[in-house]
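Geometric and topological summary
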Amino acid sequence: MIRLSIKGKITLWYTLFMIALTIIVLVFLGFLGDWQIMESVRNRLETALNENLEEIEYDEEDGIEIDDDLQFFQDGVYLILYDEQGNPIQGQLPYGLEVSQTPAFKNGEIQKTEIQSVRWVFLDLYKPLNKDKGVWMRGIISQSEAEYGLNIIFRLFLFLLPAFVILFAVGGYYIICRAFAPIEKMRKTAEEITGGDDLSRRIRLEDGKDEIHQLADTFDRMMDRIQDVYEREKQFTSDVSHELRTPSSVIVTQA
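One structure accompanies this document, and this report is about it. (Residues numbered from 1 in each chain as written. Predicted model: local features only at pLDDT ≥ 70, side-chain atom pairs only at ≥ 80, totals over all residues. Heavy atoms only, no water.)

A word on the side chain of Thr102. Along the polypeptide, Thr102 turns up in the loop between β5 (88–90) and β6 (110–115). At 2.6 Å, the side chain of Thr102 forms a polar contact with the backbone oxygen of Val99. Beyond its immediate sequence surroundings of up to four residues, Thr102 is in contact with Leu93, Leu97, Phe122 and Arg138. (Helix = DSSP H or I, 4+ residues; strand = E, 2+ residues; numbered from the N terminus. Polar contact = N/O pair within 3.5 Å; in protein donor to acceptor, adjacent residues only side chain to side chain. Contact = heavy atoms within 4.5 Å.)

Along the chain, the position of Thr15 falls in helix α1 (residues 6–53). For Thr15, a relative accessible area of 9% translates into the label buried. For the pair Thr15 and Val165, spaced 150 residues apart in sequence, the C-alpha separation works out to 6.8 Å. Setting aside residues no more than four positions away along its own chain, Thr15 makes contact with Val165 and Ala169. (Buried < 20%, exposed > 50% of the residue type's maximum accessible area, 1.4 Å probe, protein only.)

Bringing the nonpolar core into the picture now. Ranked by internal contacts, the top residues of the largest apolar core, which has 19 residues, are Leu45, Ile56 and Met137. At the level of secondary structure, the elements contributing two or more residues to this core comprise α1, β4 (77–83), β7 (118–128) and β8 (134–142). Counting residues per element, this core draws most heavily on α1, which supplies seven residues. Residues within four places of Leu45 in sequence aside, it is in contact with Val77, Ile110, Val121, Phe122, Leu123, Gly139, Ile140 and Ile141. Ile115, Trp120, Phe122 and Trp136 belong to the second largest nonpolar core, which has nine residues in total. (Core = buried A, V, L, I, M, F, W, Y, C linked by side-chain atoms within 4.5 Å.)

Below, the discussion takes up a nonpolar patch on the surface. There is a patch of nonpolar side chains on the surface, built from Phe17, Leu21, Val25, Phe28, Leu29, Leu32 and Trp35 and spanning about 700 Å² of accessible area. With respect to the helices and strands, Leu21 occurs in helix α1. Among the residues examined, Leu21 registers a relative accessible area of 37% and is labelled partly exposed. (Patch = residues over 30% accessible without salt bridge, like charges linked within 9 Å, V, L, I, M, F, W, Y side chains within 5 Å. Areas by Shrake-Rupley, 256 points an atom, 1.4 Å probe, with all protein chains shown as cover. Salt bridge = Lys/Arg side-chain N within 4 Å of Asp/Glu carboxyl O.)

Structure representation (structure tokens):
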């Protein structure tokens with residue numbers, strides 16, 4: 001099992017966390033994007049149907065009258081006008097879509113079907129013309145075309161994800177190294193003191209009020225006391241040695 005340093009562990013966890021967070025955000029944006037696309041598709045269908053149904057009137061002598069302003073293709077929406085029995089009057093299906101592949105009429109309900117990897121969305125509205133007659137107008141739009149821009153964004157993001165991961169890892173490691181720099185300085189100072197007799201070495205970090213600076217200050221004060229005790233012990237040993245040297249010499253001479 002690979003043993004990592006604290007910096008390596010923090011960098012690894014930080015990178016994994018950022019990857020997981022990015023994936024969660026991406027999934028959330030995907031659901032949100034699908035919902036917004038469906039709302040946009042529904043609004044476009046309803047707008048096109050309501051605007052063009054106003055161009056249809058009924059006359060007892062001439063029957064169904066269709067105004068010349070009626071547009072059977074509007075804002076990406078294909079419009080088809082049917083009589084009450086479901087027979088087409090005007091308009092045509094999009095290319096690649098057959099009559100047998102279309103769902104039954106449902107007034108005001110969104111219906112979907114997928115044909116050859118293309119998702120089609122249907123919305124039907126019924127307009128009564130008199131007590132006995134009415135017409136259906138069906139709006140058809142390709143959801144795949146509406147999702148095209150979103151798919152490009154997702155593909156671009158997936159393409160750039162490795163670069164983001166590397167950027168997260170390098171940036172996180174740099175920040176962690178900067179944060180651990182005082183601790184590394186404390187470690188080197190402690191090694192120098194342990195490996196030699198110079199107790200005057202100190203960390204002396206720059207001004208700061210965080211926990212690491214407080215720890216360094218505490219370490220420096222502790223070394224001040226240790227050095228003071230060491231100097232006192234050294235002085236005491238020297239004094240005792242001096243005081244004992246004279247009587248020892250007298251005893252040796254007398255002996």
